[in-house]
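Residue-level structural notes
Here are the chains, one letter per residue:
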Amino acid sequence: MIGILIALLSGALMSVQGVFNTGVTKNTSLWVSNCWVQITAFLVCLIGWFITGRQSFSGLFAMDQKYMLCGGVLGAFITLTVIQSMSQLGPARAVMLIVVSQLLVAYIIELFGMFGVEKVGFDWRKVIGMGLAIAGIIIFKWK
């Protein structure tokens, strides 16, 4: 149950953050806004690290799959694309497309067992669910 609540909070925070970042971009630029987001996120993470026990960073260098260290790079492009999509489509449409894209890619990752994720079998119900989500976007966008 706690996982569901955390996921719902994550989605809500992402939507609010996208609106905030888009507003900052209107007064600065796409890259200035993105830098601000990443710098403030870094500061919050650093404070959290100081408060929660200061585990060593050496584990980063011991990782077998070095590509996993690219999460921050992806985060910068996530911020960039969320800002652009929200400014061009509006928050509701952008988030709907973002969520459907997340679902599709997450299912493909699970289906093929990519990046060390446990492989799952093909399930028509998931494909139908994805189709319903896409139909929902079409209905929502319909004027």
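Residues numbered from 1 in each chain as written. Predicted model: local features only at pLDDT ≥ 70, side-chain atom pairs only at ≥ 80, totals over all residues. Heavy atoms only, no water.

1. A few points about the packing of aromatic side chains
Evaluation of the coordinates by the stated rule reveals four aromatic pairs. Pairing W49 with F50 gives two aromatic rings, centres 5.1 Å apart and planes at 65 degrees, and the pair type is edge-to-face. Overall, W49 belongs to the partly exposed group, its relative accessible area being 26%. The class of F50 is partly exposed, set by a relative accessible area of 44%. (Phe/Tyr/Trp six-rings, centres within 6.5 Å; stacked < 30°, edge-to-face > 60°. Buried < 20%, exposed > 50% of the residue type's maximum accessible area, 1.4 Å probe, protein only.)

2. Regarding unusual backbone geometry
Even without being glycine, R54 reaches a positive phi, approximately 55 degrees. Topologically, R54 is positioned in the loop between helix 2 (30-52) and helix 3 (58-61). (Helix = DSSP H or I, 4+ residues; strand = E, 2+ residues; numbered from the N terminus.)

3. Quick notes on the nonpolar core
In globular proteins that are soluble, nonpolar side chains generally tend to be buried together. Judged by nonpolar contacts, V82, M86, A94, V95 and I98 together constitute the single largest core of five residues. Contributing elements (two or more residues each) for this core: helix 4 (71-89) and helix 5 (91-112). For this core, the element with the most residues is helix 5, which contributes three residues. Not counting residues up to four positions away in its chain, the partners in contact with I98 are M14, V82 and S85. (Core = buried A, V, L, I, M, F, W, Y, C linked by side-chain atoms within 4.5 Å. Contact = heavy atoms within 4.5 Å.)

4. Notes on the environment of G11
Summarising the element assignment, G11 is placed in helix 1 (residues 2-27). Given a relative accessible area of 36%, G11 falls into the partly exposed group.

5. Focus: the environment of V127
Note on placement: V127 falls in helix 6 (residues 124-141). Judged by relative accessible area, which is 32%, V127 ranks as partly exposed. V127 has contacts with Y107 and F122, leaving out every residue within four places of it along the chain.

6. Focus: the packing of helix 5 against helix 6
Axis separation between helix 5 and helix 6 bottoms out at 10 Å; the angle between their running directions is 165 degrees. In terms of orientation, helix 5 lies roughly antiparallel with respect to helix 6. Of the two elements, helix 5 crosses helix 6, and the hand of that crossing is left-handed. Listed contacts from helix 6 to A92, R93, M96, L97, V100, L103, L104, Y107 and E110 of helix 5 are K126, V127, M130, A133, I134, I137, F140 and K141. Looking at side-chain class alone, the contact of helix 5 with helix 6 contains 13 nonpolar, no polar and four charged residues. (Axes fitted to C-alpha atoms, helices over the stretch in contact; angles between N-to-C directions. Parallel < 35°, antiparallel > 145°, perpendicular 65-115°, else oblique. Left-handed = near helix turned anticlockwise from the far one by under 90°. Nonpolar A, V, L, I, M, F, W, Y, C, P; charged D, E, K, R; others polar.)

7. A few points about a nonpolar patch on the surface
Taken together, the side chains of Y67, M68, L104, V105, I108, F112, M114, F115 and V117 make up a nonpolar region of the molecular surface, amounting to roughly 790 Å² of accessible area. Relative to the assigned elements, M68 resides in the loop between helix 3 and helix 4. (Patch = residues over 30% accessible without salt bridge, like charges linked within 9 Å, V, L, I, M, F, W, Y side chains within 5 Å. Areas by Shrake-Rupley, 256 points an atom, 1.4 Å probe, with all protein chains shown as cover. Salt bridge = Lys/Arg side-chain N within 4 Å of Asp/Glu carboxyl O.)

8. Here we look at the packing of helix 2 against helix 4
Look at helix 2 against helix 4: their axes get within 10 Å of each other, and the N-to-C directions meet at 130 degrees. By the criterion of interaxial angle, the relationship of helix 2 to helix 4 is oblique. Of the two possible hands of crossing, helix 2 and helix 4 adopt the one that is right-handed. On the side of helix 2, the interface is formed by L30, W31, S33, N34, V37 and Q38, while helix 4 contributes G75, A76, F77, T79, L80, I83 and Q84.

So far we have only geometry, and geometry alone does not tell us how the molecule works.
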